[in-house]
Amino acid sequence: MTDRTGTTGPDAFTGTTPDTAIRTADAEERAAGPMLAADGRPLKRSLNRALRAQKLRALALIAPLLIFILVTFIAPIADMLFRSVENDIVSETLPRTTTALQDWDHTSGEAPNEDVFRAFYYDMALAAQRKLHTRLGTRLNYEVTGISSLFRRTGRDMDNMGEVYMDQFVDLDPAWEEPATWVALMASPDWIADQADWQAADSGAAEPAFALRDGVGAALPRTAEIYQDFARFIQVEDGDSPIGEEPWPVVYTALYEDLVANPSAAGSFDGEVSGLVAAAAEAVQGFEAPTMKAAFLDSDEDWADPEVWATIQAFSPEYTPGYFLTAVDLKKTPDGVAAQPEDQQIYILLFKRTLFLSLTIMFSCILLGYPIAYLLSNLPLRTSNLLMILVLLPFWTSLLVRTSAWKVLLQQQGVINDILVWLGIVADGNRLVMINNQFGTIVAMTHILLPFMILPLYSVLKTIPPSYVRAAKSLGATNWTAFWRVYFPQSVPGIGAGSILVFILSIGYYITPELVGGTTGTFISNRIAYHISSSLNWGLAAALGSILLAVVLILYWVYDKIVGIDNVSLG
Amino acid sequence: MSMELPPYATVGQRIWHYTFLVICGLVLFFLIAPILVIIPLSFNAENFFTFTPGMLAFDPEAYSLKHYRDFFTNANWQQALRNSVQIAPVATLLSVSLGTLAAIGLSAPHVPFRRAIMAILISPMIVPLIISAAGMYFFYSRIGLQGTYIGVVLAHAALGIPFVIITVTATLVGFDRSLTRAAANLGAGPVRTFFRVQMPLILPGVISGGLFAFITSFDEVVVVLFVGSAGQKTLPWQMFTGLREQISPTILAVATILVVISIALLTTVEVLRRRSERLRGMSPG
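About the cut-offs
- Residues numbered from 1 in each chain as written.
- Chains lettered and ligands numbered in written order.
- Predicted model: local features only at pLDDT ≥ 70, side-chain atom pairs only at ≥ 80, totals over all residues.
- Helix = DSSP H or I, 4+ residues; strand = E, 2+ residues; numbered from the N terminus.
- Buried ≥ 20, exposed ≤ 12 C-beta atoms within 10 Å, placed from the backbone.
- Contact = placed C-beta atoms within 7 Å.
- Nonpolar A, V, L, I, M, F, W, Y, C, P; charged D, E, K, R; others polar.
- Domains from an automatic or database assignment.
- Pairing = 2+ DSSP bridges.
- Core = buried A, V, L, I, M, F, W, Y, C linked by C-beta atoms within 7 Å.
- Axes fitted to C-alpha atoms, helices over the stretch in contact; angles between N-to-C directions.
- Parallel < 35°, antiparallel > 145°, perpendicular 65-115°, else oblique.
- Left-handed = near helix turned anticlockwise from the far one by under 90°.
- Arc of directions from axis to C-beta.
- pLDDT = per-residue confidence, 0-100.

S.K.: Hey, could you run me through the overall build of chain B in this one?
M.R.: Per the secondary structure count, chain B includes twelve helices and zero strands. Summarising its shape, the C-alpha atoms of chain B cover approximately 75 × 70 × 35 Å along the three principal directions. A total of 285 residues make up chain B; the buried ones form 42% of that total. The long-range share in chain B, meaning contacts at least 24 apart out of those at least 6 apart in sequence, stands at 75%.

S.K.: Hey, could you run me through the interface of chain A and chain B in this one?
M.R.: A common way to report how large an interface is uses the accessible area buried once the components associate. Listed as interface residues are 76 residues of chain A and, on the opposing side, 75 residues of chain B. Ranked by the residues each element gives to the side of chain A that touches chain B, the list is headed by helix α2 (residues 43-83) of chain A, at 21 residues. Looking at the side of chain A that touches chain B residue by residue, the class counts come to 55 nonpolar, 15 polar and six charged.

S.K.: When you look at the domain arrangement of chain B in this model, what are you seeing that I'm missing?
M.R.: Assigned domains of chain B: these are domain 1 (11-62) and domain 2 (75-247). Distance between the C-alpha centres of domain 1 of chain B and domain 2 of chain B: 36 Å.

S.K.: Would you mind going over the pairing of strand β2 (residues 336-339) of chain A with me for this structure?
M.R.: On a regular strand, each side chain points to the face opposite its neighbour's, so the side chains alternate between the two faces of the sheet. All names here are of chain A. Inspection of the sheet shows strand β1 (residues 330-333) paired to β2 by four bridges, in the antiparallel sense. Bridge pairing in β2 places Lys332 opposite Val337. Hairpin connection from β1 to β2: two residues lie between these consecutive antiparallel strands.

S.K.: Even after reading the chapter, I still don't get the nonpolar core, so can you show me in this structure?
M.R.: One recurring pattern in soluble globular proteins is that nonpolar side chains are buried together. B:Ala133, B:Ala134, B:Val223 and B:Val227 are the most contacted members of the largest nonpolar core, which totals 156 residues. Here B:Ala133 is in contact with B:Val222, B:Val223, B:Leu225, B:Phe226 and B:Val227, once residues within four sequence places are set aside. If you look at the next biggest cluster of nonpolar residues, it comprises 65 residues, including A:Phe230, A:Ala280, A:Trp309 and A:Ala314.

S.K.: It is not clear to me how the packing of helix α4 (residues 75-106) of chain B against helix α11 (residues 235-244) of chain B should be interpreted in this structure. Could you clarify?
M.R.: Relative placement of two packed helices is described by the angle separating their axes and the distance separating the axes. Running from N to C, α4(B) and α11(B) cross one another at 140 degrees; their axes reach a closest spacing of 7 Å. Facing α4(B), whose interface residues are B:Asn76, B:Trp77, B:Ala80, B:Leu81 and B:Ser84, α11(B) presents B:Leu235, B:Trp237 and B:Gln238.

S.K.: Honestly, the environment of A:Ala125 in this entry has me stumped. Any pointers?
M.R.: Residue and element names in this part refer to chain A. Counting through the fold element by element, Ala125 comes out in helix α5 (residues 114-130). Residues Ala125 and Thr154, spaced 29 residues apart in sequence, show a C-alpha to C-alpha distance of 9.7 Å. For Ala125, the residues in contact, after removing those within four places along its chain, are Met158, Gly162 and Val250.

S.K.: Where do I start with the packing of α5(A) against helix α7 (residues 147-172) of chain A in this structure?
M.R.: Residue and element names in this part refer to chain A. The contact between α5 and α7 brings their axes to 9 Å, and the two run at 110 degrees. It follows that α5 is roughly perpendicular to α7 by the angle criterion. The interaxial crossing formed by α5 with α7 has left-handed handedness. Of the residues in α7, those in contact with Tyr121, Met124, Ala125 and Ala128 of α5 are Thr154, Gly155, Met158, Met161 and Gly162. Taken together, the residues of the contact of α5 with α7 sort by class into six nonpolar, three polar and no charged.

S.K.: Looking at this structure, I do not really get helix α8 (residues 179-186) of chain A. What am I missing?
M.R.: All names here are of chain A. Taken residue by residue, α8 has Trp182, Val183, Leu185 and Met186 as its buried positions. Looking down the long axis of α8, one finds its buried residues gathered within 165 degrees of arc, a one-sided arrangement. Contact partners of the buried residues in α8: α9 (189-201), α10 (216-219), α11 (221-238) and α13 (272-283).

S.K.: Sorry if this is basic, but what is going on with the domain arrangement of chain A here?
M.R.: For chain A, the assigned domains read domain 1 (1-83), domain 2 (95-320) and domain 3 (349-567). Using C-alpha coordinates to define each centre, domain 1 of chain A is positioned 72 Å away from domain 2 of chain A.

S.K.: What's the story with the confidence of the model for chain B in this structure? I'm lost.
M.R.: Any region with low pLDDT has predicted coordinates that should not be read closely. Per-residue confidence for chain B gives a mean pLDDT of 88; residues scoring 70 or more make up 96%. Among the prediction metrics, the complex's ipTM stands at 0.88, with pTM recorded as 0.81.

What follows is the structure in structure tokens.
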């Protein structure tokens, strides 16, 4: 036993023993890494792969619906939010004016200078040809009453302002009236050839897009710009060829302005048109040319009013908080935010009324719903199931059926008034007015929303163990104390859940207030509908809708914290 | 705490007990009476919205089916009925098929962003209808769907989807996943497993989700009012215009028919719910 180098020590043993087998396996595992699956891959990776496949399969099942909801529902909501701040109509319709107005000081108390009027002339003339000026007028009329008719009146005068120049050019040389003169002057030779091919082919294919001649943009910048607008409009909107169309009067105004600024413009042209332009350049010095400011004031004196210009300036940016300000009875003025005039402050009142009516409906629902939920949760199952039908039937009945029922019941010649008269409580000539006012809205909506209070409340009351109340009574509590100190506190979550649900549903209600609310019992949603379909002020409708949506989402967040969205019960 | 009075109850307790029952009776009366009252009124022989002396005396002359005849012969009402019948089933089919697939996906373990996805899918139920209607009106006008049949169907399908998701996921909570594994083990492919094993078990949930989606579309008026045009005028829309402009007693006949349909649907959903609970062994018999 002293010689340890012999063959008796286990380490020196070279054959296969269980001991060595384990050791080899251990060593192999250390070398080869983690445990393997049946196919030889590491188990961990295999599991991860399976998990990933499972996740992908689940997402693939969800994806079609998710895309569907995003397109049919979320995109519309996003569009509404966008519309509530969108305001590109001013800068799109009057691009030159908004740029020129940037330097004008609205506090000066004077109308802007001739440059702004000139820019405004081109914008208005083009807008009037496209019939866009009335839309802009309507938009600005939301801010300052009367602008709409101002735009409409002046829109009619735009052609006259340009014809002053047109007539003088034509008097000088009748060639100016010919569309061919203008094409030769403005269009690129390539385009003229393409357009001729297109006309010859008559195949119904799209027209080749109008292209300017090289260099004309430098020689007659304004004319080139306006003529190009004209040519593209003729091509796209009318589907005609510019070769056969006499230019709009505004093109002549532009030519006059360009020739005054650049008398040597003829040098950029050759051939027949060069002489024509040279002659015109000489003649324009003697043209009768009233200032644009005078022309506009001649059309309507209101153009001298700095407020009109300040409004255009204030609403030049592409995005505006203006609709949101209107929605809370404020307005955007050039000097910042100000309150609306007293007689136009209606939205805060409407929001307050919506809140007041919704709260009243919510409390009525608590008052009427609690006894029923209590009764249902304490009756034997068979009886309570029967009574539950009385709650579920209204829940399932069409909203319009219930609203029409109330309309029939509450009318002055309706069932309730008839009964009251028959009972002698009310004189026949003195029937109660119960509809088309707040009372009608409250009664009908309490009836419609009551099941939404009873059902969540019932599911909470069902879980309260009866032994607690029995214990309280056995300890000497009166019926009232046992209810108020023991039972009621446990039912508060149910009241909370039902109240929030009823409140959320009622602040967004539209149909019932519209039918039984008259003028005093309507909600903010009725105003939204009015702005969409009657006044066509979509931006304001979108802003009101966004505010309402924000309130509802906050309330749902609270609801989720208290009850959990997943626990929404469908009865 | 039972609703029965103990034998030793005091007089005060007795009075309160019966007062409470009377209060409950009145509230239940308030809930159900308006719906019941329109049924006899719809048989009124006169164009009144109240009981005529003849009706109160049960004079057969005072009752008639003329408002029902008007509903079935009037071109406006018939067009509205046709539109409703053409819109609601297609919208329901869309929401049920997409919704059931998604609900199965959502109930799988380890779904990434489950809460966020769920919130998006449920949102049509949360957002007030007037806001959905406004948004859809703006957006569908942009893409040329405003005033079209397809636009109304898509809008109604979106509104019905939350109901399908909620009912089907609720059914899937009690679904025993080892059944699908067993089917796979026995050689069934995923499609076969779905139709032969999973579908029969979750069918009650799918059908009641479908009924909810159907009734949502069938009763819906706000969205169709904005997204639709005169060509998509549905039954509720026709009732809405009728109530707002020239209220005619035909509305009461239509309302009665709708109440009967609601009762039929309510019964179906209740039967399905019980069947589903029995299948999942949650309640005896």
